[in-house]
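Listed here are the chains, written in short residue letters.
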Amino acid sequence: MDKSPEIPESPKNPMFAPESVPLIPPRYRLQWEEAQQSHVLLYPEGMIKLSQTAAEILKRIDGRCSVGELVADLERAFPGADLRGDVLEFLEAGHASGWIQVRV
Amino acid sequence: MPADGFKSASKPLWLLAELTYRCPLHCVYCSNPVDYTRHRSELSTDSWMRVFREARALGAVQLGLSGGEPLLRPDLEELVTEAHRLKFYSNLITSGVGLDEERLTRLKAAGLDHVQLSFQDSTRELNDFLNHTRTFDLKLRVALALKRHGYPVVLNVVLHRYNLDHIDTILEMAERLEVEYLELANTQYYGWAFLNRTHLIPARDQLVRAEAATQRFRERVGNRIKVYWVVSDYYEERPKPCMNGWGSVFIAVTADGLALPCHQARSLPGLVFPNVQDYPLEWIWNESPAFNRFRGFDWMREPCVSCPERFKDYGGCRCQAHLLSGDAAAADPVCSLSPHHGRVLEALRSKETSDTARALLFRTDENSRKYAKDSNGER
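Quick summary incoming for the structure in this document. Everything numeric here is computed off the predicted structure, so don't read it as measured data.

It is common to report an interface's size as the accessible area lost on association of the parts. Each partner contributes residues to the interface: chain A has 19 residues there, and chain B has 28 residues. Counting each side, the surface lost to burial between chain A and chain B is near 1900 Å², with a carbon and sulfur contribution of 51%. Remark: the boundary between chain A and chain B carries two salt bridges. The partner of R29(A) in a salt bridge is D113(B), and the shortest N-O contact between them spans 3.0 Å.

So, in structure tokens, the structure goes:
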């Protein structure tokens, strides 16, 4: 059978299925920083400066929206882009660093 | 903290507000100046709020509320409220003394983001000996209350010869208290710690064992507890990138209003640090001679000025250079390339004869008055 190219289950990203719901633990705070002209993620005694892509993903993580909905929403906001791979990679990196969890 | 966020900026990202030098504890490695008894005046609530606003306008986003013991300021809740309004990420750096249910509730309502709680050790005996108070049980109660109130917690333990061998129980304590972060900060030798240096310097094998235990712990707990290990720089071959460079990302304001590029800088002779009551922070950061004195690389001499590693370590720590070589513009003597590196090796050797050295000095008003002059240039 033909495999649909747009929905490969990447074995590298086992944490995040399309129906998983990512969330940002409450100790992290996402905000726009005028002085840096970028979004940042703040946490106890530290900060991560975010790229525009990272900020667009994080802004949509509210603890309710699933990965599938997140990707769909991003693809509506940025038509023509295939963002699924980027989003999964980002979520996985965030999960490894502790600033993204999966709602259970 | 990740370097990528803090490195490229030429703005202060961190404001450390040392709200008071008063403290109920008497820790032998206190980072307040040895002569703190000479600096009793404290900024008013309004002055602090102005400093917060000016720092925020410059780009500062992390706020450390420290001391002494910041809970001794009855206006702490007001200050947190203003910090929260300004969208600072606020960090209360405390001994826990005075953090009762009522204040925990009020501070939470005011918008306090996080609490860093210090323990001096994982045993009651040593904790209470090193800070010369009976506070171990209180600190345990505070740690549990913090979790009940939903605060993220950094547990901070300063490490040295007397507690490095307790590393396993320190790690267990962090796990039992369910903190999110554990900061294991090997003693840095300034101020009170410098006076007590021969007592506090550990043996190399103590450090090696403790660091290995910490690494095993990290591998076991993963993301549940993030563990920071601050190295004992006397045992290193290269200096720490102190403050990510002078006047690069960090600004400290002392209880009495001096603006400093590092909270130890007050000890440096020949520099006039501006007071926030006399100058706007914007001028202090950008224009003041003190903040420009060691900024960038132009002030450097050999061996730093031609060293390829200067972009990584910024020549190390100016305060340490002053303390160990008498010259704040010299290479940090921790560096094996420094002509003064022998002073560090000498200090490491001298720990073995500490039985004959003077008694351990606790941070007390009496000792402050008595030993202020001995602390190599503390003003």
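This part is about the pattern of salt bridges. Residues and elements named next belong to chain B. For the structure on display, the rule yields 30 salt bridges over all chains. Two residues, D365 and R40, come together in a salt bridge whose shortest N-O distance is 2.9 Å. With D365 in helix 16 (residues 365-371) and R40 in the loop between strand 1 (14-18) and helix 2 (45-58), the pair connects residues that are 325 residues apart, well separated along the chain. With its nearest N and O atoms 2.9 Å apart, the salt bridge here joins R85 to E82.

Moving on, we come to the pairing of strand 8 (residues 250-253) of chain B. A regular strand places its side chains so that they alternate between the two faces of the sheet. Residues and elements named next belong to chain B. A two-sided burial pattern is seen for strand 8, the buried positions comprising F250 and A252 on one face and I251 and V253 on the other. Two strands pair when backbone bridges link them, and strand 8 and strand 9 (residues 259-260) are joined in this way by two bridges, in the antiparallel orientation. Its bridge partner lying in strand 9, V253 is registered against A259. Hairpin connection from strand 8 to strand 9: five residues lie between these consecutive antiparallel strands, with G257 at a positive phi of about 105°.

All names here are of chain B. Going through the model one piece at a time under the given rule, you end up with 15 aromatic pairs over all chains. With a centroid separation of 6.4 Å and an interplanar angle of 50°, the aromatic rings of Y36 and W192 are classed as tilted. Placement of the pair is Y36 in the loop between strand 1 and helix 2 and W192 in helix 8 (residues 191-195), with a sequence separation of 156 residues. Using a relative accessible area of 2% as the deciding quantity, one classes Y36 as buried. For the pair Y279 and W283, a centre-to-centre distance of 4.5 Å together with 20° between the ring planes defines the contact as stacked. Taking the relative accessible area as the measure of exposure, W283 reaches 28% and is therefore partly exposed. An aromatic cluster is defined as three or more aromatic residues linked by ring pairs; in this entry it consists of W48, F52 and F88. Sitting over the face of the ring of W285, R295 holds its NZ or CZ atom 5.0 Å from the ring centroid. Seen from the ring of Y36, R363 lies directly overhead, with NZ or CZ sitting 4.0 Å from the centre.

Conventions adopted
Residues numbered from 1 in each chain as written. Chains lettered and ligands numbered in written order. Predicted model: local features only at pLDDT ≥ 70, side-chain atom pairs only at ≥ 80, totals over all residues. Heavy atoms only, no water. Contact = heavy atoms within 4.5 Å. Buried area = accessible area lost by both parts, 1.4 Å probe. Salt bridge = Lys/Arg side-chain N within 4 Å of Asp/Glu carboxyl O. Helix = DSSP H or I, 4+ residues; strand = E, 2+ residues; numbered from the N terminus. Buried < 20%, exposed > 50% of the residue type's maximum accessible area, 1.4 Å probe, protein only. Pairing = 2+ DSSP bridges. Phe/Tyr/Trp six-rings, centres within 6.5 Å; stacked < 30°, edge-to-face > 60°. Lys NZ or Arg CZ within 6 Å of the ring centre and 35° of its normal.

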